[in-house]
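Structural overview
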Amino acid sequence: MEKLHGVNLDYNVEVLSPKEKAINFKLYKDKQEIPLENNKTGNMKLHKENRQEDSYQLEIIYDKTQNYSINDILQDVQIKVHSEQEKG
């Protein structure tokens, strides 16, 4: 039997991308949209007594009407997951 970790964790997901007003993001967990503030979720929890696997989907929305350049925007998008032990 596999042993689970011994502490609860708080974590959040952040979308890292150069600032561009023509590009917006929507993040989904199990087909439910997760609100993003400054491209970052609020804190979520992983409980020590549960085995947990979450699936996320990132939707990238490109609004050409907001782009004042002749060329389309080319940029990298990265996903960062930050976690820390729950305090207390």
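Everything numeric in this text was worked out from a predicted model, so none of it was measured. Each chain has its residues counted from 1, following the order in which its sequence is written. pLDDT decides what is reported in this predicted model: residues at 70 or higher carry local features, side-chain atom pairs at 80 or more are listed and counted, and totals for whole chains, interfaces and linings draw on all residues regardless. Neither water nor hydrogens contribute to the side-chain values; these are computed over all heavy atoms in the structure.

What follows covers the sheet that holds strand 3 (residues 32-34). A pair of strands is labelled paired if DSSP reports no fewer than 2 bridges between them. Each helix is a run of DSSP H or I of at least 4 residues and each strand a run of E of at least 2, with the numbering of both proceeding from the N terminus. The strand order 3-2-5 describes an open sheet built from three strands, whose pairing is antiparallel. The open sheet terminates on both sides in strands that have one partner only, identified here as strand 3 and strand 5 (56-62). Taken pair by pair, the neighbouring strands of this sheet meet at an average axis angle of 35°, ignoring direction. Axes here refer to lines fitted to C-alpha atoms; in helices the fit is confined to the stretch in contact. Angles between the N-to-C directions go from 0 to 180 degrees.

Attention now goes to the confidence of the model for the chain. Note: pLDDT gives the predictor's confidence per residue, expressed from 0 to 100. Of all residues in the chain, 83% attain a pLDDT of 70 or more, and the chain-wide mean is 83. Here strand 4 (residues 44-46) stands out as the element of the chain with the lowest mean pLDDT, 90, in contrast to strand 3, whose mean of 96 is the highest.

Turning our eyes to something else, we now look at the nonpolar core. Side chains of a nonpolar character, in soluble globular proteins, are inclined to be buried together. For our purposes a nonpolar core is just a set of buried Ala, Val, Leu, Ile, Met, Phe, Trp, Tyr and Cys residues, chained together by side-chain atoms within 4.5 Å. Think of it in three bands: with a 1.4 Å probe and only protein chains considered, a residue is buried below 20% of the maximum accessible area for its type, exposed above 50%, and partly exposed in between. Counting five residues, the largest nonpolar core is built from Tyr-11, Val-13, Leu-27, Ile-34 and Met-44. We call two residues contacting when some pair of their heavy atoms lies within 4.5 Å. If sequence neighbours within four positions are ignored, Tyr-11 has contacts with Lys-29, Gly-42, Asn-43, Met-44, Lys-45, Leu-46, Gln-52, Asp-54, Tyr-56, Val-81, His-82 and Ser-83.

Moving on, we come to the pattern of salt bridges. The term salt bridge refers to a side-chain nitrogen of Lys or Arg lying within 4 Å of a carboxyl oxygen of Asp or Glu. Inspection of the entire model under this criterion finds three salt bridges. Its salt-bridge partner being Asp-10, residue Lys-45 comes within 2.7 Å of it at the nearest N-O pair. Taken together, the positions of Lys-45 in strand 4 and Asp-10 in strand 1 (residues 9-16) put the pair 35 residues apart, joining distant regions of the chain. Taking the relative accessible area as the measure of exposure, Lys-45 reaches 38% and is therefore partly exposed. For Lys-29, the salt bridge identified is with Asp-54, shortest N-O distance 3.6 Å. Placement of the pair is Lys-29 in strand 2 (residues 23-29) and Asp-54 in the loop between strand 4 and strand 5, with a sequence separation of 25 residues.

Spatial ordering of the open sheet is given by 4-1-6, a layout of three strands whose pairing is antiparallel. At either margin of the open sheet sits one strand with a lone partner, and together these are strand 4 and strand 6 (78-85). Shown here is a sheet whose adjacent strand axes are inclined to one another by a mean of 35°, direction ignored. Sheet topology places strand 1 next to strand 4; three bridges connect them, and they run antiparallel. The residue bridging Asp-10 from the neighbouring strand is Lys-45, located in strand 4.

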